[in-house]
Amino acid sequence: MSASLSPRAKQTFQTVSLLATVMVVGIHYRSVTCDSDLLSHATANQLSQEFLLGGIARVAVPMFAFAAGLFYFQSFNGTWACYWKKLQQRIRSVAFPYFMIASVAIVFWLSVKKWEGEVVQLSFSQLLSMWWLRPPVEQLWFLRDLMVLVLIAPIVSLVAHRLRQTGLVVVALLWFGEIQPFPHVAGWYLLNNETLLFFTLGCAATKRTDLLEQICQLPVSVKFGLFVAWMGLALGRTLMQPNFDLWYVSQYSWTSLWLQKLSITVGCVAFFAVASQVHSVWVSQWSGAAFFVYLVHEFPLRAILIKLADRVLPTPIQFWFTFPAVVILCFALAMLLNRWAPAVLALFTGGRTPDSAMRIVRTAPAP
């Protein structure tokens, strides 16, 4: 067991959750990428989206994984009874939303194929694999990773608390070197090195929550300096290799890879530090809608919005219109459900609602 976080630190994580969700939405609605590693071949639009979505927004998944590890292990005492209890809780809060969204997506996908007159040639086992392990909803890979991490939580605890520096260094080197040690299962890694590292760091942080509190209490000038460093590193990587990509490909140089990893590392600290400056009941409440937005913003909604956007907008600039539209639409829908059908929203999100977010923390004291 570990000391609980202060109200300010809890509210900071709520702010991080809200902003990181918006970042993930942006990544999935990106409308153009750079075709060349030569800066002179890139347009302003390509560079802008690469800087924002390929650079700045890449702190979202690490922060999600870190928070998941921190809050899981804060109340984990290492006993099998505690492990089993937490596994049951995560089945409700992670696995159940995963399968609900996967089911909606697979039904929609099959319906579209039938409507288009295309014959789906999948065996029953292939259909189950697509439904359960690799649904046509891109963001669900992270929830699948979380379930794997929850299953191996005792091993993660061993690495973070028994092996300590050695274990953390090994996991960190896998991430910094972009070494993916786990096999593909239905097209996705069984476990991504990024979620493994930051979930493990979240576990380790339960013994040093004072460091998180210290980040919250840094002088504004230091927080600003961290923010500038983050922006500078992300911009430097963008200009060095505009077509950088490591999502199941190796489209990077060693220099651009390490610069990207350094940008994410500094960015996570800067993101948390800057988020700690936010003191708003409104942000806390809306953070409770973030998981719903995370679940529903992609397929089939994205397919529908892109079809509509194709009629009126050139593809390269669609991001600047579809991204804010889907953020507003999804958050508005979440708040409406919270007001008129809170039980439905809670069932859909495993209990994560604006009302539950407000119960976690009220107004944190000003610095």
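Calculation notes
Residues numbered from 1 in each chain as written. Predicted model: local features only at pLDDT ≥ 70, side-chain atom pairs only at ≥ 80, totals over all residues. Heavy atoms only, no water. Helix = DSSP H or I, 4+ residues; strand = E, 2+ residues; numbered from the N terminus. Rg over C-alpha atoms; globule rule 2.2 N^0.38 Å. Contact = heavy atoms within 4.5 Å. Areas by Shrake-Rupley, 256 points an atom, 1.4 Å probe, with all protein chains shown as cover. Lys, Arg positive; Asp, Glu negative; His and termini not counted. Charge placed at Lys NZ, Arg CZ, Asp CG, Glu CD. Buried < 20%, exposed > 50% of the residue type's maximum accessible area, 1.4 Å probe, protein only. Arc of directions from axis to C-beta. Phe/Tyr/Trp six-rings, centres within 6.5 Å; stacked < 30°, edge-to-face > 60°. Salt bridge = Lys/Arg side-chain N within 4 Å of Asp/Glu carboxyl O. Patch = residues over 30% accessible without salt bridge, like charges linked within 9 Å, V, L, I, M, F, W, Y side chains within 5 Å. Core = buried A, V, L, I, M, F, W, Y, C linked by side-chain atoms within 4.5 Å. Polar contact = N/O pair within 3.5 Å; in protein donor to acceptor, adjacent residues only side chain to side chain. Axes fitted to C-alpha atoms, helices over the stretch in contact; angles between N-to-C directions. Parallel < 35°, antiparallel > 145°, perpendicular 65-115°, else oblique. Left-handed = near helix turned anticlockwise from the far one by under 90°. Nonpolar A, V, L, I, M, F, W, Y, C, P; charged D, E, K, R; others polar. Disulfide = S-S within 2.5 Å.

Draft legend 1. Broad picture of the overall build of the protein chain. Looking only at helices and strands, one finds 18 helices and 2 strands in the protein chain. Here the protein chain has a C-alpha radius of gyration of 21 Å; the compact-globule value for 367 residues is 21 Å, and the two agree. Projected onto the principal axes, the alpha-carbon positions of the protein chain cover approximately 60 × 50 × 40 Å. Long-range contacts, defined here as pairs at least 24 residues apart, represent 81% of the contacts in the protein chain between residues at least 6 apart. Summing over all exposed atoms, the protein chain offers an accessible surface of approximately 17,500 Å²; the carbon and sulfur share of this is 69%. Each charge class in the protein chain was averaged separately, 26 positive and 15 negative side chains, and the resulting centres sit 13 Å apart.

Draft legend 2. A look at helix α10 (residues 209-216). Within α10 the residues assigned to the buried category are Thr209, Leu212, Glu213, Ile215 and Cys216. Seen along its axis, α10 keeps its buried residues to an arc of 155°; they face one direction. On its buried face, α10 is in contact with α1 (7-28), α3 (60-73), α9 (193-205), α11 (220-240) and α12 (254-275).

Draft legend 3. Representation of the packing of aromatic side chains in the model. Under the defined criterion, the tally for this structure stands at 31 aromatic pairs. Look at tryptophan 175 and phenylalanine 198: their rings are 5.2 Å apart centre to centre, the planes differ by 90°, and that puts the pair in the edge-to-face class. Of this pair, tryptophan 175 sits in helix α8 (residues 165-176) while phenylalanine 198 sits in helix α9, and the two are 23 residues apart along the sequence. Look at tryptophan 175 and you get buried, because its relative accessible area is 1%.

Draft legend 4. Quick peek at the pattern of salt bridges. Counted according to the given criterion, the structure contains 6 salt bridges. The residue arginine 237 makes a salt bridge to glutamate 50 at a minimum N-O spacing of 2.5 Å. Here the residue arginine 237 occupies a position in helix α11, and glutamate 50 occupies one in helix α2 (residues 44-55), the gap between them amounting to 187 residues. In this structure, arginine 237 and glutamate 50 share a single accessibility class: buried.

Draft legend 5. Spatial organisation of the environment of glycine 350. The residue glycine 350 is located in the loop between α17 (342-349) and α18 (354-360) in this model. You can call glycine 350 buried: its relative accessible area is 9%. Put simply, glycine 350 and leucine 173 are 177 residues apart on the chain and 34 Å apart in space, counted from C-alpha to C-alpha. Setting aside chain neighbours within four positions, we find glycine 350 in contact with Arg92, Ser93 and Pro97.

Draft legend 6. Geometry of a nonpolar patch on the surface. Residues Leu52, Ile317, Trp320 and Phe321 make up a contiguous nonpolar surface patch of roughly 350 Å² in combined accessible area. By the element assignment, phenylalanine 321 lies in helix α16 (residues 319-340).

Draft legend 7. Looking closely at the nonpolar core. Membership of the largest hydrophobic core comes to 100 residues, with the highest contact counts inside it found for Phe142 and Leu143. Considering every element that reaches this core, the biggest residue donor is helix α4 (residues 80-115), with 11 residues.

Draft legend 8. Local environment of helix α7 (residues 153-162). Among all positions of α7, only Ala153, Val156, Ser157, Val159, Ala160 and His161 are buried. Contact partners of the buried residues in α7: α3, α4, α6 (140-151), α8 and α9. One or two residues past the end of α7 sits arginine 164, with phi positive at roughly 50°.

Draft legend 9. Just the side chain of histidine 297, in detail. Looking at the secondary structure, you find histidine 297 in the loop between α14 (290-296) and α15 (301-312). Of the polar contacts made by the side chain of histidine 297, one reaches the backbone oxygen of tyrosine 294; its length is 3.0 Å. When sequence neighbours within four positions are dropped, the list of residues in contact with histidine 297 reads Val24, Val25, His28, Tyr29, Gln139, Arg302, Val326 and Cys330.

Draft legend 10. Examining the environment of leucine 197 more closely. Residue placement: leucine 197 occurs in helix α9. Given a relative accessible area of 4%, leucine 197 falls into the buried group. Along the sequence, leucine 197 and leucine 174 sit 23 residues apart, while their C-alpha atoms lie 8.5 Å from each other.

Draft legend 11. Highlighting the packing of α2 against α11. At their nearest, the axes of α2 and α11 sit 9 Å apart, and the two run at 125° to each other. When the interaxial angle is binned, α2 and α11 end up oblique. The chirality of how α2 crosses α11 is right-handed. Here α2 contributes Leu47, Glu50, Phe51, Gly54 and Gly55 to the contact with α11, which in turn contributes Met231, Ala234, Leu235, Arg237 and Thr238. When grouped by side-chain class, the residues that make up the contact of α2 with α11 number 5 nonpolar, 3 polar and 2 charged.

Draft legend 12. Local environment of the state of the cysteines. A full pass over the atoms with the stated rule returns 0 disulfides. We note that cysteine 82 lacks a disulfide partner, and the nearest cysteine sulfur, in cysteine 203, lies 12 Å from it. The thiol sulfur of cysteine 268 is not disulfide-bonded, and the nearest other cysteine sulfur, from cysteine 216, lies at 14 Å. By relative accessible area, which is 8% here, cysteine 268 ends up buried.

Draft legend 13. Inspection of the side chain of serine 31 at higher detail. With respect to the helices and strands, the residue serine 31 is situated in the loop between α1 and α2. In this structure the side chain of serine 31 is engaged in a polar contact, spanning 3.3 Å, whose partner is the backbone oxygen of threonine 315. Those residues in contact with serine 31 that lie beyond four places of it in its chain are Gln49, Thr315, Pro316, Ile317, Gln318 and Phe319.

Bear in mind that shape data such as this cannot, by itself, settle questions of function.
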